[in-house]
Amino acid sequence: MALTAEQLKRKSAQDAESAFEAVFQEHWRRVYALLYNLVGEGDEAEDLALETFWRLYRLPPRLAQEESLGGWLYRVATNLGLNALRARKRRQRYEEQAGYISTLELQGSLPGDPAEEVEQVIERGRVRQTLAQMKPRSAQLLVLRHSGFNYAEIAAALGVAPASVGALLARAEREFEARFKRLV
Amino acid sequence: MHLTDGELHAYLDGETAVSDLARLRGHLEGCARCRQRAQELSGRVAWVSQRLESLEPHKTPAMSAVGAARQRLRAYQKEKEKDTMLRKIFTRSTRPVWITLGLVAILALALAFPPVRAIANSFLGLFRVQQVTVIQVNPGNLPEQLGSSAQLEALFTKDVKVEETGKEQTTADPAEAARLAGYPVRLPDNLPGQLSLRVSPETHLTFAIDLPRIQAVLNEIGRSDIHLPAELNGANVTVDIHTVVAALYGNCEAALQEARNENKNPAESQSAPSLGDCTTLVQMPSPEISAPPELDVPRIGQAYLELLGMTPDEATQFSQNIDWTSTLVIPIPRDGTSQQTVSVDGVQGTFIQQRLDGNRQYLLMWVKDGQLYALAGPGGQQSAVSIANSLK
């Protein structure tokens, strides 16, 4: 992202509008895909992506002068996605205990061995539950890293020093493993 | 010195700085323990990676074209505009709180910036205030969504009831102001500029604490890691604020207008408004708060400090060293402000200096004989203290 928050702020309203369009064109697919992976449902992912861009539209980031809009966008998107997971946590756990598997979940999987499919759906449920239980920033780190962000991009998105990303990831992975294994 | 997990992780991810690469490689070659550690780490990275990969859909999600998505965003924006209208109405209904709290209005004028104001509004330590403490806050550590949290607004509109006993009245006559206020009004000597006195009525605030809603606010702003004691739920906290007298000297209309606009749209304002040549003195008897005795006040204070960006350890330490029942803790932005304790009006006061586009303005607060004073205006410490010392 070449545009910084400061630049966007300084531009006239019209320029801000076209800057917003450019940001939307550049980032929509990636934001949507990230949220789709996270929440696993197309409609919900789209709502969350719309909310993310709406927030950007309404509230250009005002904090650090050199913060990239891309970073802001993915921080807000992961935040919203994880919030959605936390909100559904209870319902989903109940459904899982009742052996209920959403048809939406099954639509996303390959036609094949039904037992394997069920296995995968359960695994996905556990991964989401684990992310929802984790410290928000740690969960964000993992989601961004596994969406293909490099250390510099993660650092920009989460407002941490690039040199600390390795240590934070190591800690987040330990936390993920411990919590995931408790669910199994 | 062995390599840290962070260094090893970065190395495994190919993210080691070029200048560091030779050192890391050299160390790994000679250190079996670090090699072993790297192997463990790499195993975990792969395992976690596999788990997260399970989230990836096996077929590409049916994604609408970017153009269609843009259309839907327009529709979404329209829906949200309606929502924003509602918010404005809500914000207006919470405005009397601002005005009545005098002190906060002054903060809004002089120092506060939107996210902090949202918190100050919510948590204001309005116990019987005997002293004022300022903590400096790095705005970068504040939750991003604080200024625009819909849940926070719901909290104020649904759970906080405000009863006012009358209307704000304006006069130019100090004797009249004292009569309206019900206590002697102290004013500075020889302050230039036309004087306008505003007397706000007594206000009674009731806050019925709805813990799930507070937790929803914390979730929404991404701080679900902050936990509040369960016994808080259902507790009733009441705040009694006596009449507040604000003395305005000079051309204050412009500054007030700016503050009003900002209050309507706190999320959109970028910085604190300039006071221009307006000097204000707010005085009020210390507000009284009553809360259930079982309320764990230091713990709530600690949550408040964590919300402001302190780490849990810092917050615990700070919280233990403060008497929350008698201290008003005001967050101010770290950048562009400085604060110190000064002798004023025969007591200790807190002096905050702010630089705004090259101009200096200040906020000076102190408590004397149960009265809370806040003086704000252009200039520096000397003029602030001399005005405060001239109160009669």
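Residues numbered from 1 in each chain as written. Chains lettered and ligands numbered in written order. Predicted model: local features only at pLDDT ≥ 70, side-chain atom pairs only at ≥ 80, totals over all residues. Heavy atoms only, no water.

Peer 1: Just to check I follow, could you spell out the overall build of chain A for this structure?
Peer 2: In terms of helices and strands, chain A carries nine helices and zero strands. Sequence-ordered secondary structure for chain A, helices as α and strands as β, is α-α-α-α-α-α-α-α-α. Here chain A, with 184 residues, has 53% of them falling under the buried criterion. Of the contacts formed within chain A by residues at least 6 apart in sequence, a portion of 66% connects residues at least 24 apart. As displayed, chain A offers around 8300 Å² of accessible surface, 51% of which is attributable to carbon and sulfur atoms. (Helix = DSSP H or I, 4+ residues; strand = E, 2+ residues; numbered from the N terminus. Buried < 20%, exposed > 50% of the residue type's maximum accessible area, 1.4 Å probe, protein only. Contact = heavy atoms within 4.5 Å. Areas by Shrake-Rupley, 256 points an atom, 1.4 Å probe, with all protein chains shown as cover.)

Peer 1: Explain the pairing of strand 4 (residues 195–200) of chain B to me, please; I cannot follow it from the model alone.
Peer 2: For a regular strand, side-chain orientation follows a simple rule: the groups alternate between the two sheet faces. All names here are of chain B. Of all six residues in strand 4, five are buried, a share of seventy percent or more. In the sheet, strand 3 (residues 169–171) pairs with strand 4 via three bridges, with the strands oriented antiparallel. Pairing of T170 across the sheet is with R198, part of strand 4. Where strand 4 and strand 7 (residues 244–249) come together, six bridges link them in antiparallel fashion. Pairing of L197 across the sheet is with A247, part of strand 7. (Pairing = 2+ DSSP bridges.)

Peer 1: Even after reading the chapter, I still don't get the confidence of the model for chain B, so can you show me in this structure?
Peer 2: Detailed reading of predicted coordinates is not advised where the pLDDT is low. In this model, chain B carries an average pLDDT of 72, and 64% of its residues clear a pLDDT of 70 or more. Low confidence marks residues 262–272 of chain B, where pLDDT is under 50. Its contacts with residues over four positions away, or in another chain, come to 28 contacts. (pLDDT = per-residue confidence, 0-100.)

Peer 1: What is the right way to look at the pattern of salt bridges in this model?
Peer 2: Two side chains carrying opposite charge are able to pair once their charged atoms lie near each other. Counted according to the given criterion, the structure contains 18 salt bridges over all chains. In this structure, the salt-bridge partner of R51 of chain B is E123 of chain A, at a minimum N-O distance of 2.6 Å. Here E123 of chain A lies in helix 6 (residues 114–133) and R51 of chain B lies in helix 3 (residues 32–53), a pairing that spans two chains. For R51 of chain B, a relative accessible area of 13% gives the class buried. Of the charged contacts in the structure, one is a salt bridge between E177 of chain A and R44 of chain B, with a shortest N-O distance of 2.8 Å. With one member in each of two chains, E177 of chain A in helix 9 (residues 165–183) and R44 of chain B in helix 3 form a pair that bridges those chains. The exposure classification of E177 of chain A matches that of R44 of chain B, with both residues buried. Through salt bridges with shared partners, one network takes in R174 of chain A together with D5, R37 and E40 of chain B. (Salt bridge = Lys/Arg side-chain N within 4 Å of Asp/Glu carboxyl O.)

Peer 1: Please clarify how the side chain of S390 of chain B should be interpreted in this entry.
Peer 2: All names here are of chain B. Summarising the element assignment, S390 is placed in the segment after helix 13 (381–389). S390 sits in the buried class, given a relative accessible area of 18%. Here S390 is in contact with L187, P188 and D189, once residues within four sequence places are set aside.

Peer 1: Explanation requested: the packing of aromatic side chains in the structure shown.
Peer 2: Evaluated as defined, the whole model comprises eleven aromatic pairs over all chains. Consider the rings of F351 of chain B and Y362 of chain B, whose centres lie 6.1 Å apart with planes at 25 degrees: the pair is stacked. Placement of the pair is F351 of chain B in strand 12 (residues 347–356) and Y362 of chain B in strand 13 (residues 359–368), with a sequence separation of eleven residues. Site record: aromatic cluster; members linked through ring pairs are F24, W28, Y32, Y36 and F53 of chain A. (Phe/Tyr/Trp six-rings, centres within 6.5 Å; stacked < 30°, edge-to-face > 60°.)

Peer 1: In this structure, what is going on with helix 8 (residues 174–181) of chain B? I would like to understand it.
Peer 2: Given 3.6 residues to a turn, an α-helix orients residues that are three or four positions apart in the same direction. The opening residue of helix 8 of chain B, the one whose side-chain oxygen lies 3.1 Å from the backbone nitrogen of A175 of chain B, is D173 of chain B. Looking at the residues trailing helix 8 of chain B, positive phi occurs at G182 of chain B, about 85 degrees. (Polar contact = N/O pair within 3.5 Å; in protein donor to acceptor, adjacent residues only side chain to side chain.)

Peer 1: When you look at the environment of Q39 of chain B in this model, what are you seeing that I'm missing?
Peer 2: Residue and element names in this part refer to chain B. Looking at the element boundaries, Q39 is found in helix 3. For Q39, a relative accessible area of 59% corresponds to the exposed category. In sequence terms Q39 and L8 are 31 residues apart; their C-alpha atoms lie 9.5 Å from each other.

Peer 1: Mind showing me how you'd approach the nonpolar core here?
Peer 2: If you look at the biggest cluster of nonpolar residues, it comprises 59 residues, and the most contacted ones within it are W28, F53, L131 and F176 of chain A. Ranked by the residues each element gives to this core, the list is headed by helix 2 (residues 13–39) of chain A, at eleven residues. Judged by nonpolar contacts, the second largest core, of 25 residues, contains L187, Y249, V342 and F351 of chain B. (Core = buried A, V, L, I, M, F, W, Y, C linked by side-chain atoms within 4.5 Å.)

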